[in-house]
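# A closer look at the structure
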Amino acid sequence: MRSILTTAAAGALLTSCALTGGSSDDGPTTITYWSWISGSQEIVDRFNETHDDVQVDFQLIPGGGDGGYAKMFNAVRAGKAPDIMTVEYPQLNSFITQDLIQPITDWDVEELADQYPEWTWELVSPSGDEVYALPKDVAPTVLFYRADLFEEYGLTPPETWEEFRATAERLQEQRPDAFLTTFGHNDSGLLSALAWQAGAEWFDTSSGEWSVNTTDENTRRMASYWDELIADGLVTSEPMYAEKHITDLQQGRSLTLIGAPWSAANLSRFLPELAGKFDVAPMPRWDDEPTAGNFGGSTMALPVGSPHPDAAMEFARWVSTSPDAVAAAAPVSTAYPANVNLQETWATEVSSVNEWVEGMNLPEVTSAAAQEINPAWEWGPDMTESFARLGNATSARAGQPGGLERAITGWQDTVVDQLRLRGYNVAD
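Residues numbered from 1 in each chain as written. Predicted model: local features only at pLDDT ≥ 70, side-chain atom pairs only at ≥ 80, totals over all residues. Heavy atoms only, no water.

## With respect to the pattern of salt bridges
Proximity of charged atoms lets side chains of opposite charge pair with each other. Going by this rule: Salt bridge, as applied in this entry: a Lys or Arg side-chain nitrogen positioned within 4 Å of an Asp or Glu carboxyl oxygen. Secondary structure elements follow DSSP: runs of H or I no shorter than four residues count as helices, runs of E no shorter than two count as strands, and numbering proceeds from the N terminus. Relative accessibility thresholds used throughout: buried, under 20% of the residue-type maximum; exposed, over 50%; partly exposed, between the two (1.4 Å probe, protein chains only).
Throughout the structure, instances matching the rule amount to 14 salt bridges. In this structure, the salt-bridge partner of Arg-165 is Glu-169, at a minimum N-O distance of 3.2 Å. Here Glu-169 and Arg-165 lie together in helix α7 (residues 161-174), a separation of 4 residues that amounts to about one turn. Taking relative accessible area as the criterion, Arg-165 reaches 25% and is therefore assigned partly exposed. A single network of salt bridges, built from pairs that share partners, joins Arg-165, Glu-169 and Asp-232.

Next comes the structure, spelled out in structure tokens:
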């Protein structure tokens, strides 16, 4: 797949694998770590407390889609790369195709492959030959809901999307100003997770060239379903975590949130007064078998030009494999570790140190959902730009008749044009 990822205009890889760790007789090697992921500072603090040869300087940057990725692109191209950095799964191919991250295979990471779900390893090693990042966390989709209000209104968490609609209708019979959920029309990650959960496969490279299909039956079913819910006033369509969304959650006008394990930490920060009021349930299913999409998740990636790659990989490996890293982040982060050997530690830690999670079914629901993620999903070669285009299209058309379905269909055309312009072979 590396040959498929490589564009006609791709430049030579400016590898820094030959660099040493940069240690000195005068003291430990200090590396820089760029991320915006909650819990990063706590992880760095724990690492620094327990390691003498390497120390980490954590530098908080904007979220990837909010300027963080642009900062990374510019820094690497200017020869001012950090030592190690966060890259989310959808954007990995963008960094690979533009020669912004380097293979880490030489650091014996392949021996770790069986510690991660197969689909995550395929995303960090799209060619099957080189590995480009270490998985840090994954984000199976789950449904958070106001357990107190569900009980008050006599509702139960819907098991199917058909029941979801019926539950929304019953809610409005009792409280006309309330909505079962808020559809985040600006969140491309949410929309793709919903398509993933519905059984869609937007990108495919099995033929030896790129195939793009966002007009498949599963995507259309998902988009049409949400178009109808919005049109019928059963859900509201607003930007996620914007002021109105938070107010609606606080005042019980929006009763659920489609999210992932990391969403619990977001809710706890925005709604600390509602600790003990929320619970979590599996995502409603489309068909007989339960399925989940993946909504987020991140990796540890080594940029081209990393000043101290050996030291950076020592830190990245620890973050991706150490129970101590999970325990350090747990008070402020509920992100679910990708490493299967760390998931029991996560369940124990987040339930005992985060009062917002205490008493919730988050560990049990997350564990089951993680096993239900469709492993066939692939990401395109440039999701950094593609996600921005998708978010703009859905924000502009959400609430219009058939708006989401038309936005996704139109997005496919722009993606195909974009890939061909950059020199990729794209199937007709």
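## Here we look at a negative patch on the surface
To keep it simple, the criterion reads: A residue counts toward a patch only above 30% relative accessible area and without a salt bridge, and it is joined to like-charged neighbours within 9 Å or, for Val, Leu, Ile, Met, Phe, Trp and Tyr, to nonpolar neighbours within 5 Å. Computed by Shrake-Rupley with a 1.4 Å probe, the accessible areas treat only the displayed protein chains as cover when residues are assessed. All tallies of charge rest on Lys and Arg as positive and Asp and Glu as negative; His and the ends of each chain are not included. All charge positions are set by atom: Lys at NZ, Arg at CZ, Asp at CG, Glu at CD.
A surface patch of like charges, here negative, comprises Asp-106, Asp-108, Glu-110, Asp-129 and Glu-130. Secondary-structure assignment places Asp-106 in the loop between α4 (89-97) and α5 (118-124).

## Points about the sheet that holds strand β11 (residues 278-282)
Counted only if it meets this: A pair of strands is treated as paired once DSSP finds two or more bridges between them.
One open sheet accounts for 5 strands, arranged β9-β6-β10-β5-β11; its pairing is mixed. Each edge of the open sheet carries a strand with a single partner, namely β9 (236-237) and β11. Where strand β6 (residues 179-183) lies against strand β10 (residues 254-259), 2 bridges are found, and the strand directions are parallel. Looking across to β10, one finds that Phe-179 is bridged to Ser-254.

## Concerning the pairing of strand β5 (residues 142-146)
Burial within β5 is extensive, with 5 of its 5 residues counted as buried. Judged by which residues are buried, β5 turns out to be covered on both faces: Val-142, Phe-144 and Arg-146 on one side and Leu-143 and Tyr-145 on the other are all buried. Here 4 bridges tie β5 to β10, and the two strands are oriented antiparallel to one another. Across the sheet, Leu-143 pairs through a bridge with Ile-258, a residue of β10.

## So, the layout of surface pockets
Short version of the rule: Here a cavity is any set of points on a 1 Å grid over the protein atoms alone where a 1.4 Å probe fits but cannot get out, and a pocket is any open set with protein on both sides within 12 Å along at least 5 of 7 lines; a residue lines the site when it has an atom within 4 Å of a point. Grid points are joined across faces, edges and corners, and a volume is the space filled by probe spheres set on the points. Three residue categories are used. Nonpolar comprises Ala, Val, Leu, Ile, Met, Phe, Trp, Tyr, Cys and Pro, charged comprises Asp, Glu, Lys and Arg, and polar comprises the others, including Gly.
What the largest pocket holds in volume is close to 1200 Å³. What lines the largest pocket is a set of 38 residues, and nearest its centre among them are Trp-36, Asp-66, Glu-88, Asp-187 and Trp-262. Secondary-structure elements contributing two or more residues to the lining of the largest pocket are α4, α8 (188-198), α11 (263-270) and α16 (383-397). Per-element tally for the lining of the largest pocket: the top contributor is α16, with 5 residues. The class makeup of the residues in the lining of the largest pocket is 15 nonpolar, 18 polar and 5 charged.

## Remarks on empty space enclosed by the protein
In this structure the tally under the stated criterion is 1 cavity of 30 Å³ or more. Taken as a whole, the largest cavity encloses approximately 160 Å³ of empty space. Lining the largest cavity are 16 residues, with Lys-136, Val-326, Ala-329, Ala-335 and Pro-337 sitting closest to its centre. Those elements that place two or more of their residues in the lining of the largest cavity are β4 (133-138), α12 (309-321) and α13 (323-329). The dominant element in the lining of the largest cavity, judged by the number of residues it contributes, is α13, at 3 residues. For the lining of the largest cavity, the per-class residue count stands at 11 nonpolar, 3 polar and 2 charged.

## A short note on the side chain of Glu-378
What counts, and what does not: Under the rule applied, a polar contact is a pair of N or O atoms within 3.5 Å (in protein, one hydrogen donor and one hydrogen acceptor; residues adjacent in sequence only if both atoms are side-chain atoms).
Position of Glu-378 among the secondary structure elements: in the loop between α15 (362-370) and α16. Polar side-chain contacts of Glu-378 include one of 2.9 Å to the side chain of Thr-205.

## Quick word on the sheet that holds strand β2 (residues 54-60)
Whenever strands of a sheet pair, they do so through backbone hydrogen bonds, lying parallel or antiparallel. Reading across the sheet, the 6 strands line up as β2-β1-β3-β12-β4-β13 and stay open at both edges, with mixed pairing between neighbours. Bordering the open sheet on either side are β2 and β13 (336-337), each of which pairs with just one other strand. Pairing of strand β1 (residues 29-35) with β2, which is carried by 7 bridges, proceeds in the parallel orientation. Looking across to β2, one finds that Tyr-33 is bridged to Phe-58.

## Some thoughts on the side chain of Thr-182
Defined as follows: Residues are treated as being in contact if the distance between any of their heavy atoms lies within 4.5 Å.
Along the chain, the position of Thr-182 falls in strand β6. A relative accessible area of 6% means that Thr-182 is categorised as buried. There is a polar contact of 2.9 Å between the side chain of Thr-182 and the side chain of Ser-254. Sequence-distant contacts of Thr-182, that is, excluding residues within four places in its chain, are made with Thr-236, Glu-238, Met-240, His-245, Ser-254 and Thr-256.

## As for the packing of aromatic side chains
The following threshold applies: Only the six-membered ring of Trp is used, alongside the rings of Phe and Tyr, when aromatic pairs are assigned; centres must lie within 6.5 Å, and planes under 30 degrees apart are stacked while those over 60 apart are edge-to-face, with the rest tilted. Whether a charge sits over a ring depends on NZ of Lys or CZ of Arg being within 6 Å of the ring centre and within 35 degrees of the ring normal.
Enumeration according to the criterion identifies 30 aromatic pairs in this entry. Ring plane angle 35 degrees and centroid distance 5.1 Å describe the contact between Phe-183 and Trp-226, whose orientation is recorded as tilted. Taken together, the residues Phe-183 in strand β6 and Trp-226 in helix α9 (residues 217-231) connect sequence positions 43 residues apart. For the pair formed by Phe-183 and Trp-226, the shared burial category is buried. Every member of this aromatic cluster is reached through a ring pair, and the members are Tyr-89, Trp-119, Trp-196, Trp-202, Trp-377, Trp-379, Phe-387 and Trp-411. Seen from the ring of Trp-34, Lys-71 lies directly overhead, with NZ or CZ sitting 4.9 Å from the centre.

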